[in-house]
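Next come the chains, spelled out residue by residue.
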Amino acid sequence: MPTLKEKLAEQIPALREEVKDLVKQHGDKEVDKITVAQIFGGLRGVKSLVCDTSSVPPERGLLIRGIPVIELADKLPEEIFYLLLTGELPDEESLKLLMQDLKKRRKVPDYVWKVLKAMPKDSHPMCMLNTAILVMEKESVFKKQYDKGLKKEDYWIYTLEDALNLVARVPIIAAGIYRMKYNKGPRIPSDPKLDMGADFAKMLGIKDPKGEFVKLMRLYLVLHSDHESGNVSAATVQTVASALSDLYYALSAGLNGLAGPLHGLANQECLKFVLDLKKHFKGVPTDEQLREFAWDWLNSGKVIPGYGHAVLRITDPRFDAFLKFGQTYCANDQIFQIVEKIFNVVPKVLMEQGKAKDPWPNVDAGSGALLWHYGMKEFDYYTVLFAVSRTLGVTAQTVIARAIGMPIVRPKSVTTQWIKEKVSQQS
Ligand code: CMX
């Protein structure tokens with residue numbers, strides 16, 4: 001049975017040829033064009049990146065290697081990592097080999113904890129995580145091999161080493177940050193008997209008598225793992241890595257983007273919104289109360305967190321998966337009930353307002369309520385969970401990009417004056 005690395009080594013030559021042929025035979029064909037509105041509109045919808053690990057059709061939501069994410073909801077994060085990289089779900093033996101490999105890599109250098117302890121007590125946990133990843137840069141296998149001299153065809157091999165080390169270590173660092181930042185007591189060591197999700201849940205130290213929090217962590221790590229490569233965090237990772245900066249630099253940079261309120265930080269904002277509602281109405285509001293509250297919120301110039309998406313035009317299937325989890329395990333929890341209520345009321349309000357192109361909930365709309373239910377109440381930590389999961393996708397994307405020899409990213413910028421002249425020539 002081949003290891004993950006052997007499997008990729010089998011696949012990559014054909015993949016490389018496929019790309020080479022495509023460019024050779026069709027390199028001058030047009031696949032998209034760009035308007036002035038798109039240039040000034042965050043390049044929304046411009047087809048200019050390649051990502052084979054996952055795709056997000058606006059009317060279907062996340063497909064990981066063509067499989068709807070909802071069909072993958074009961075898989076282990078390790079299975080998803082294998083799928084992202086190879087395009088196939090692992091059989092039992094391949095999964096075992098990957099899990100054994102990752103377990104051997106579950107070691108965090110001591111200096112990481114020293115750096116984290118030296119940080120200001122009020123540092124955001126995302127800043128702590130991204131600092132920890134960056135400070136480990138000297139561990140990069142790719143960097144060491146590159147400095148010795150490395151053939152371009154072999155870049156992916158050492159990038160895979162870095163990816164595996166990061167996938168194994170980031171959950172330990174993230175859990176350590178949780179324990180340290182919120183005074184939860186000493187770090188809980190990684191348990192080599194456990195899969196990634198169960199180990200992560202155990203290291204966080206959340207009480208879990210029924211084993212439901214473990215299920216939630218596995219689901220969380222699967223659902224946030226990848227979302228094609230045009231989003232801020234993935235695009236940043238790809239841009240930084242394209243300069244042949246190693247994955248420690250690239251991942252840390254990308255996760256800094258995830259820490260923005262319009263991106264991954266939205267999950268902490270969502271729960272704040274839900275808690276504000278509960279406090280304001282001393283419980284679950286009625287539909288009418290919620291409608292009014294949402295209008296006041298919008299009229300004060302704020303966005304409704306967890307709603308809208310730059311690509312999706314449906315309820316995010318990842319939200320559906322969290323909703324189903326909540327309906328199964330915490331249907332009686334008022335916080336979860338408010339999430340359901342928002343889902344019933346807010347899309348109509350956003351449609352009436354007529355601004356958001358997508359009035360439906362995204363992945364962040366419901367996850368915080370579930371974490372809160374299990375006692376993880378430190379909501380500024382929630383984006384860290386997103387980051388642990390997204391590490392799977394963006395590191396896999398980088399291995400593939402290196403495998404097909406993607407060059408340094410360098411689009412062309414133009415001045416506003418240039419655009420004015422260009423359009424005046426057309427009119
Ligand atoms: N509440 C209120 N207004 C919203 C809105 C929302 N949830 N979503 C979009 N709008 C507004 C925009 O602010 C914009 O207003 P202006 O024209 O005044 O600037 C208008 O609707 C059009 O925006 P859009 O084209 O529909 O959305 P964008 O592609 O520009 O932005 C997103 C997408 C996610 C940033 C936006 O919907 C938003 O801010 N949502 C709330 C924050 C959130 O949930 N982010 C998490 C995204 C998930 C992820 O990280 O992957």
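Note that the structure is a prediction, hence the values are computed from the model and not measured.

Let's shift gears to the packing of aromatic side chains. Tallying each qualifying case throughout the model produces 17 aromatic pairs. Pairing Phe142 with Tyr146 gives two aromatic rings, centres 5.7 Å apart and planes at 25°, and the pair type is stacked. Within this pair, Phe142 and its partner Tyr146 are both found in helix H7 (residues 141–148), separated by four residues, close to a single helical turn. Assessed through its relative accessible area of 1%, Phe142 is described here as buried.

This brings us to the nonpolar core. Nonpolar side chains in soluble globular proteins generally cluster together in the buried interior. In terms of nonpolar packing, the biggest core is built from 118 residues, with Leu129 and Tyr381 touching the most fellow members. For this core, the leading source of residues is helix H8 (residues 155–181), giving 15 residues. Here Leu129 is in contact with Val170, Ile173, Ala174, Ile177, Leu255, Val384 and Ala387, once residues within four sequence places are set aside.

All right, on to helix H11 (residues 232–242) then. Within H11, the full set of buried residues consists of Ser233, Ala234, Val237, Gln238, Ala241 and Ser242. Buried positions in H11, seen along its axis, are confined to an arc of 165° and lie on one side of it. After H11 finishes, the residue Leu244 shows a positive phi value of roughly 65°.

Taken together, 20 residues lie around the ligand, and His263, Ile304, Gly306, Tyr307 and Lys357 are the ones closest in. Residue Leu262 places a main-chain N or O atom 3.1 Å away from a nitrogen atom belonging to the ligand. The fraction of the free accessible surface of the ligand (890 Å²) that becomes covered by protein chains is 76%. Per-class residue counts for the shell around the ligand are ten nonpolar, six polar and four charged.

It is worth spelling out the pattern of salt bridges at this point. Where side chains of opposite charge bring their charged atoms close, a pairing between them can arise. Here the structure, examined in full by the defined rule, presents 16 salt bridges. Note that Asp287 and Lys341 form a salt bridge whose closest N and O atoms lie 3.0 Å from each other. Linking Asp287 in helix H14 (residues 287–299) with Lys341 in helix H16 (residues 334–353), this pair joins segments that are 54 residues apart in sequence. Lys341 sits in the partly exposed class, given a relative accessible area of 21%. Taking the shortest distance from any N to any O, the salt bridge between Arg291 and Glu352 comes out at 2.8 Å. Taken together, the positions of Arg291 in helix H14 and Glu352 in helix H16 put the pair 61 residues apart, joining distant regions of the chain. Looking at Glu352, the relative accessible area reads 46%, which means it is partly exposed.

This paragraph deals with the state of the cysteines. Across all of its chains, the model carries zero disulfides by this definition. The thiol of Cys270 is not disulfide-bonded; the next cysteine sulfur, from Cys330, is found 16 Å away.

Moving on, we get to the environment of Ile342. Counting through the fold element by element, Ile342 comes out in helix H16. By relative accessible area, Ile342 is classed as buried at 4%. Apart from the residues within four sequence positions on either side, Ile342 is in contact with Phe273, Val274, Leu277, Leu290, Tyr307 and Pro347.

Turning next to unusual backbone geometry. At Asn183, a position not held by glycine, the phi torsion is positive, near 50°. Note on placement: Asn183 falls in the loop between H8 and helix H9 (196–204). Despite not being glycine, Leu244 shows a phi value in the positive range, around 65°. Under the relative-accessibility criterion, Leu244 is labelled partly exposed at 25%.

Turning our eyes to something else, we now look at the packing of H14 against H16. Two numbers describe how H14 lies on H16: the axes approach to 9 Å, and their chain directions differ by 45°. Relative to H16, the element H14 lies oblique. By crossing handedness, the relation of H14 to H16 is classed as right-handed. Residues Asp287, Leu290, Arg291, Ala294, Trp295 and Leu298 of H14 pack against Lys341, Ile342, Val345, Val346, Val349, Leu350, Glu352 and Gln353 of H16.

A few words now on the sheet that holds strand E2 (residues 63–64). Spatially, E1-E2-E3 is the arrangement adopted by the three strands of the open sheet, whose pairing is antiparallel. Here the strands that pair on one side only, and so sit at the sheet edges, are strand E1 (54–55) and strand E3 (67–68). With two bridges connecting them, E1 and E2 associate as antiparallel partners. Residue pairing in the sheet places Ser55 in a bridge with Leu63 of E2.

About the criteria used
Residues numbered from 1 in each chain as written. Predicted model: local features only at pLDDT ≥ 70, side-chain atom pairs only at ≥ 80, totals over all residues. Heavy atoms only, no water. Phe/Tyr/Trp six-rings, centres within 6.5 Å; stacked < 30°, edge-to-face > 60°. Helix = DSSP H or I, 4+ residues; strand = E, 2+ residues; numbered from the N terminus. Buried < 20%, exposed > 50% of the residue type's maximum accessible area, 1.4 Å probe, protein only. Core = buried A, V, L, I, M, F, W, Y, C linked by side-chain atoms within 4.5 Å. Contact = heavy atoms within 4.5 Å. Arc of directions from axis to C-beta. Near = heavy atom within 4 Å. Polar contact = N/O pair within 3.5 Å; in protein donor to acceptor, adjacent residues only side chain to side chain. Areas by Shrake-Rupley, 256 points an atom, 1.4 Å probe, with all protein chains shown as cover. Nonpolar A, V, L, I, M, F, W, Y, C, P; charged D, E, K, R; others polar. Salt bridge = Lys/Arg side-chain N within 4 Å of Asp/Glu carboxyl O. Disulfide = S-S within 2.5 Å. Axes fitted to C-alpha atoms, helices over the stretch in contact; angles between N-to-C directions. Parallel < 35°, antiparallel > 145°, perpendicular 65-115°, else oblique. Left-handed = near helix turned anticlockwise from the far one by under 90°. Pairing = 2+ DSSP bridges.

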